[in-house]
Amino acid sequence: MPKLTRTWGVVMRPLEGKTVAAAARETKILRTFAVRLSQYRLFFQAFHPGLSNWLPFYWSGFRQTTRFTYVLDDLTDLSRVWHGMSESARGQVRKAERAGLTVVPCGIEEVYGCEFQSFQRQGRRPSHSESLLRNIHDSAKENDSGACFAVVDQAGTVHSARLLVWDSHRAYNLVAGMVSELRKSGANSLGTWDAIQFVAQRSRAFDFAGSIIESIEQFNRNFGAKQVPYNYVMKAPTLVHACLQFAGKL
């Protein structure tokens, strides 16, 4: 998978006709891909949530695990979205506002810095460089489909930051992070709520870009987001598969 690409393909022309004909056509296309890709010793891909049928890959010797993202699939009524959030999430937003925190445009260096600290707290490092993040941001911004925002206090200190990308169908909370010693200020909740309001004028849905980490899953769920499963399909030698499982990467 390309870095920071959560899900990918298989891309097919919309299936038309009777259900039985469309299903047969889909299976034929997917089996063509599966047979060809089964020639590779290693293959890993997270399928788009819109593609639930991985059976032709199973027939070709692939394995699968289910992953999840969290989505607000209708941003037309922000009042409904606000009232659909948990009291805890709304309370964190109000707490940040009472403390005088505000959301302002920022550069990619603030986003990467906050993301780096979030990974550091988990004993890890981001899988991508700041320059890659900058390239994604610059390309998205050229197409009016990307923006960075930071939550700052009255002294201008950054508490959290995020990178958003979008098209008319869906916006993605692609990268976000918090300054370690300031993460209890409510800034992340305020920044998320502001991001939802911002993209509601530009897209139909807000994708939290998912996580299987328990604390992040709870945060996303508290915003009223719906759990959306997708298939992570793989082909690897048994020893490689076992090592990846042991390392928590599957």
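The structure presented is a predicted model; accordingly, all values stated were derived computationally and were not measured. (Residues numbered from 1 in each chain as written. Predicted model: local features only at pLDDT ≥ 70, side-chain atom pairs only at ≥ 80, totals over all residues. Heavy atoms only, no water.)

**Here we look at the overall build of the chain**
Helices and strands together make up the secondary structure of the chain, namely 9 helices and 8 strands. In terms of principal-axis extent, the alpha carbons of the chain reach across some 60 × 45 × 35 Å. Every one of the 250 residues in the chain was classed for burial, and the buried ones make up 44%. In the chain, the share of contacts with a sequence separation of at least 24, taken over all contacts with a separation of at least 6, comes to 73%. Approximately 13900 Å² of the chain is accessible, and the part contributed by carbon and sulfur atoms is 52%. Taken together, the 31 basic and 21 acidic charged side chains of the chain have centroids lying 10 Å from each other. (Helix = DSSP H or I, 4+ residues; strand = E, 2+ residues; numbered from the N terminus. Buried < 20%, exposed > 50% of the residue type's maximum accessible area, 1.4 Å probe, protein only. Contact = heavy atoms within 4.5 Å. Areas by Shrake-Rupley, 256 points an atom, 1.4 Å probe, with all protein chains shown as cover. Lys, Arg positive; Asp, Glu negative; His and termini not counted. Charge placed at Lys NZ, Arg CZ, Asp CG, Glu CD.)

**Examining a positive patch on the surface**
On the surface, Lys95, Arg98, Arg121, Arg183 and Lys184 cluster together to form a positively charged patch. Judged by its relative accessible area of 33%, Arg121 is partly exposed. (Patch = residues over 30% accessible without salt bridge, like charges linked within 9 Å, V, L, I, M, F, W, Y side chains within 5 Å. Salt bridge = Lys/Arg side-chain N within 4 Å of Asp/Glu carboxyl O.)

**Quick notes on empty space enclosed by the protein**
The tally for this structure, following the rule as stated, stands at 1 cavity of 30 Å³ or more. There is about 90 Å³ of room inside the largest cavity. Lining the largest cavity are 12 residues; nearest its centre among them are Arg6, Thr7, Thr69, Tyr172 and Asp207. Taken together, the residues of the lining of the largest cavity sort by class into 5 nonpolar, 4 polar and 3 charged. (1 Å grid on protein atoms, 1.4 Å probe; cavity = no way out; pocket = protein on both sides within 12 Å on 5 of 7 lines; lining within 4 Å. Points joined across faces, edges and corners; volume = space filled by probe spheres on them. Nonpolar A, V, L, I, M, F, W, Y, C, P; charged D, E, K, R; others polar.)

**Here we look at the sheet that holds strand β3 (residues 102–105)**
Pairing in this open sheet of 8 strands is mixed, and the strands run β1-β8-β2-β7-β6-β5-β4-β3 from one edge to the other. At either margin of the open sheet sits one strand with a lone partner, and together these are β1 (43–46) and β3. Pairing analysis gives 9 bridges linking strand β2 (residues 63–72) to strand β8 (residues 226–235), with the strands arranged antiparallel. What sits directly across from Gln64, in β8, is Val233. Packing against the sheet, helix α6 (residues 130–142) makes contact with β4 (146–152), β5 (158–166) and β6 (171–178), and its axis sits at approximately 115° to β4. (Pairing = 2+ DSSP bridges. Axes fitted to C-alpha atoms, helices over the stretch in contact; angles between N-to-C directions.)

**Looking at the packing of aromatic side chains**
Counted under the stated rule, the structure contains 12 aromatic pairs. Ring centres of Phe57 and Phe62 lie 5.2 Å apart, and the angle between their planes is 75°; on these two criteria the pair is classed as edge-to-face. By the burial criterion, Phe57 is buried, and Phe62 matches it. Through a chain of ring-to-ring contacts, the aromatic side chains of Phe43, Phe47, Phe57 and Phe62 assemble into a single cluster. Positioned over the ring face of Phe198 is Arg202, at 3.7 Å from the centre of the ring. (Phe/Tyr/Trp six-rings, centres within 6.5 Å; stacked < 30°, edge-to-face > 60°. Lys NZ or Arg CZ within 6 Å of the ring centre and 35° of its normal.)

**Considerations on the packing of helix α5 (residues 108–121) against α6**
Axis separation between α5 and α6 bottoms out at 10 Å; the angle between their running directions is 135°. Between α5 and α6, the angle falls in the class oblique. The way α5 lies across α6 gives a crossing that is right-handed. Counted together, Ile108, Glu109, Val111, Tyr112 and Glu115 of α5 and Glu130, Leu133, Arg134 and His137 of α6 form the full contact between these two elements. Here the residues of the contact of α5 with α6 are counted per class, giving 4 nonpolar, 1 polar and 4 charged. (Parallel < 35°, antiparallel > 145°, perpendicular 65-115°, else oblique. Left-handed = near helix turned anticlockwise from the far one by under 90°.)

**Some remarks on helix α1 (residues 19–37)**
Here α1 is 19 residues long and its end C-alpha atoms lie 27 Å apart, about the 27 Å a rise of 1.5 Å per residue gives. Of all the positions in α1, only Ala22, Glu26, Ile29, Leu30, Ala34 and Leu37 are classed as buried. What you see down the axis of α1 is that its buried residues fit within an arc of 135°, all on one side. Opposite the buried face of α1, by more than 90 degrees, sit the exposed residues Val20, Lys28 and Thr32. Structurally, α1 contributes buried residues whose contacts are with β1 and α2 (55–59). (Expected span 1.5 Å × (residues − 1). Arc of directions from axis to C-beta.)

**Some words on the pattern of salt bridges**
Close approach of charged atoms allows side chains with opposite charge to pair. Within the structure shown, the criterion is met by 8 salt bridges. Salt-bridge contacts for Glu109 lead to Arg134; the nearest nitrogen and oxygen are separated by 3.7 Å. Here Glu109 is found in helix α5, whereas its partner Arg134 is found in helix α6, with 25 residues between them in sequence. You can call Glu109 partly exposed: its relative accessible area is 41%. For Arg134, a relative accessible area of 32% corresponds to the partly exposed category. Arg134 is the partner of Glu130 in a salt bridge, and the nearest nitrogen-oxygen pair spans 2.9 Å. Here the residue Glu130 and the residue Arg134 both occupy positions in helix α6, the gap between them amounting to 4 residues, near one helical turn. Classification of Glu130 by relative accessible area gives partly exposed; the value is 28%.

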